[in-house]
Amino acid sequence: MSLRTVFEAIASQPSSVSIRESIYGYPTLLTSHVVAMCLFAGLIAMMDLRLAGLGNLGTPCSEMQKRLFPWQMFGVFLSFSTGLLLVYGDPMRFYGNFYFWLKNILLLLAFVNMVVFHVTTYTSVAVWDRDPVPPLGARVAGLFSLALWAAIIITGRMIAYSGLVPNWWVELKLT
Amino acid sequence: MSLLPFFQWMEALPMSHAIQSGSWYSPIIQVIHLVALAVFAGAIAIVDIRLLGRGLTTRPLAEVARDAQPWLVWGLVVLLITGIPQVTSLAMKQYYSPFFWWKMEGLVVATIFTFTLRKKVTLTDEARLGPVWGKVVGLVSITLWTGVTVGARLIGLLS
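Bear in mind that the values here come from a model prediction, so they are computed numbers and not experimental data. (Residues numbered from 1 in each chain as written. Chains lettered and ligands numbered in written order. Predicted model: local features only at pLDDT ≥ 70, side-chain atom pairs only at ≥ 80, totals over all residues.)

For chain B, the count of helices and strands is eight helices and zero strands. Starting at the N terminus, the α and β elements of chain B follow one another as α-α-α-α-α-α-α-α. Along the first, second and third principal axes, the C-alpha atoms of chain B reach 55 × 35 × 25 Å. Look at the contacts in chain B between residues 6 or more apart in sequence, and 80% of them connect residues 24 or more apart. (Helix = DSSP H or I, 4+ residues; strand = E, 2+ residues; numbered from the N terminus. Contact = placed C-beta atoms within 7 Å.)

With that out of the way, let us pick up the interface of chain A and chain B. Contacts between chain A and chain B engage 29 residues on the former and 31 residues on the latter. Of all elements in the fold, only helix H3 (25-51), helix H4 (61-89) and helix H8 (136-158) of chain A reach the threshold of two or more residues within the side of chain A that touches chain B. The element contributing the most residues to the side of chain A that touches chain B is H3 of chain A, with 13 residues. Taken together, the residues that form the side of chain A that touches chain B break down as 20 nonpolar, six polar and three charged. (Nonpolar A, V, L, I, M, F, W, Y, C, P; charged D, E, K, R; others polar.)

Residue and element names in this part refer to chain A. With 22 residues, helix H6 (residues 98-119) extends 32 Å from end C-alpha to end C-alpha; this agrees with the ideal 32 Å at 1.5 Å per step. Of the residues making up H6, those classed as buried are Phe98, Tyr99, Lys103 and Leu106. Buried residues along H6 cover an arc of 115 degrees about the axis, so they all sit on one side. More than 90 degrees from the buried face of H6, the exposed residues found are Ile105, Leu108, Phe111, Val112, Val115 and Val119. Buried residues along H6 sit in contact with H8 and helix H9 (167-170). (Expected span 1.5 Å × (residues − 1). Buried ≥ 20, exposed ≤ 12 C-beta atoms within 10 Å, placed from the backbone. Arc of directions from axis to C-beta.)

Next up, the structure:
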């Protein structure tokens, strides 16, 4: 079964059709997705600035991690569920979309970056918790995360510009 | 006095024509606007959450607010710089969109609130502030800025 078959099968679900055909479904979901992005990406950025040694330097790194975590989880839950519903409601719009797949790859990279940081540099956080300039590993992880989340926001917005894509992608003739 | 001539003037500006003439100009301006929005929203949220008595509670409110301030100010500056060409290049669409006016009125109120009352409260000694005012100001701030964001997104979706 190909990926296209899966996306087509979702598109033919009555619940998918009803999201697609509702007048306020798409605007409500997309607007909620943007508000959720503000909370989630915003608080991730504040934490990353601390790790990169660029901002919020008065707060220990571990405080930044632990105390913002529940809010970030709320933000990621809202972002993920509204994002999933947006795709579920109109899968064929996303199937052939260059920026949609690029965004997913970037999301995966941001997740890998976070996990790698947590099992390496972060294990010694007690040593450098209050340093205004954290060790190189933390600064690199923070800067990577900032760049990745900026790219995720950019590619997310660019999904609407399905015509502004590289030629080799158009030649794949996915749509 | 109607603002219609002003909006017609904005749409006729050479800058507006230039933005509309290239397919990449609008998306580039929009994505910078959105990345700045995330930074700005983070700087607002980290302090509003603290005002609600959650989040970075181990640190004094005033210090959390002072740390967030540069990101709030620069986020807003970039939002304004990238917002103006978006208004001028589609000025007539904006003029006839109820959501544009919702956003702009909200933006004026939220900005004044943030740089007067909210600023004063975040810099006040918490013992003197008491348990209620911080929460009220935090909730008002979250409501106002969420309203601005919702209005902004709906300009392109429902008008």
